[in-house]
Each structure stands twice: as C-alpha cells, then as structure tokens.
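Analysis of the macromolecular model
Now for the letters of each chain:
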Amino acid sequence: MPWWFWILLWIALVALALLLHLTLGYRLFRKFMATVHELGDAGKRFSNLSPASETSDVEEAEERPTPGSAIFASPDQMRHDYLTAKAFRQEVRRQKRVQRKAERGQPQSLHDIEFR
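Computed from a predicted model, the values in this text were never measured in an experiment. (Residues numbered from 1 in each chain as written. Predicted model: local features only at pLDDT ≥ 70, side-chain atom pairs only at ≥ 80, totals over all residues. Heavy atoms only, no water.)

Considering the packing of aromatic side chains
Quick note on the threshold: Here is the rule: rings of Phe, Tyr and Trp (six-membered ring for Trp) pair when centre to centre is within 6.5 Å. Planes less than 30 degrees apart are stacked, more than 60 are edge-to-face, and the remainder are tilted.
Summed over the entire model, instances satisfying the criterion amount to one aromatic pair. With centroids separated by 5.6 Å and ring planes inclined at 75°, the aromatic side chains of Phe5 and Trp6 adopt a geometry described as edge-to-face.

Examining the environment of Ser47
Spelled out, the test is: Only DSSP runs of H or I with at least four residues qualify as helices, and only runs of E with at least two residues qualify as strands; both kinds are numbered from the N terminus onward. Here a polar contact is taken to be a pair of N or O atoms separated by no more than 3.5 Å, where protein atoms must pair a possible hydrogen donor with a possible acceptor and residues adjacent in sequence count only if both atoms sit in side chains.
For Ser47, the position within the fold is in helix α1 (residues 3–47). Within polar-contact distance, the side chain of Ser47 engages the backbone oxygen of Lys44 at 3.0 Å.

A word on the side chain of Asp112
How we decide: Three exposure classes are used, based on accessible area relative to the maximum for each residue type with a 1.4 Å probe and protein chains only: buried under 20%, partly exposed in between, and exposed over 50%. A contact between two residues is defined here by any heavy atoms of the two lying within 4.5 Å.
Within the element layout of this structure, Asp112 appears in the segment after α2 (75–104). On the basis of relative accessible area, Asp112 is assigned to the buried category, the value being 4%. The contact partners of Asp112, leaving out residues within four places of it in the chain, are Arg94, Arg97 and Val98.

Topic: the pattern of salt bridges
Just so we agree on the cut-off: What makes a salt bridge here is a side-chain nitrogen of Lys or Arg within 4 Å of a carboxyl oxygen of Asp or Glu, nothing more.
If you walk through the whole model with that rule in mind, you get three salt bridges. A salt bridge links Arg79 to Asp76, with the nearest nitrogen and oxygen atoms 3.1 Å apart. A residue pair is termed a helical-turn pair when its members lie 3 or 4 positions apart in one helix, as Arg79 and Asp76 do in helix α2 at three residues. You can call Arg79 partly exposed: its relative accessible area is 48%. A salt bridge links Arg97 to Asp112; its shortest N-O distance comes to 2.9 Å. Here Arg97 is found in helix α2, whereas its partner Asp112 is found in the segment after α2, with 15 residues between them in sequence.

The values reported here are purely geometric and, on their own, carry no functional implication.
Shown next as structure tokens:
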C-alpha cells in the first residue's frame, strides 16, 4: 500500500475521534444547561416560600434562646432544655406513628396509645 494511504487513514481516524468528542461534548453541554435551567426554575418556585413554612409537623417553641446563650447557662438548665426538647420530639413521633397506623387500619401498640 502506498504511503499516502496510511496518512489519509490516520487523518480520517483523527477526524472521526474529533467528531466523536465534539458530539459527546455538545450532548454533555446540553444536558448540563438543561439541569441549570431546572435548578433556576426550582429556585424561582421555592424562593417565594416563607421561611416559617406551615407544612412543618414540629411546632416551634414560642420563646427561643438567643444564640450563644448556652455558653453562659448552667449545666442543669441545659440538661433540662435538652430533655424537654427530646421528650417533645418523641411525643411528636409517637403522635405521627399513631396517626399513620390509624390511617392504614393497623393495630395500635398499647405503649403508643398510652393504655397503662
């Protein structure tokens, strides 16, 4: 085979590889831009929500301590606050569990419905 055949073959291979990379790069760019547009739309949609959303299952405490006040509080006060908050979270979980089981028609645990 003549030498120019090999040169043309290599040129064709390089051109095909370049075409493949350009096609893949274009597809990747299009998918990336579609994702960016979806994120922008989601940001616009969720930016209108208020910070204190009504959809939260956990009720906010009315009086919140100021940030940094835990440093100067007594350990007994912090332990009391922690245990109170923990009991509140457990009660919320229990209520949600009872409601979920009632909706599904499942039997309730005697511990959950406070039958003691």
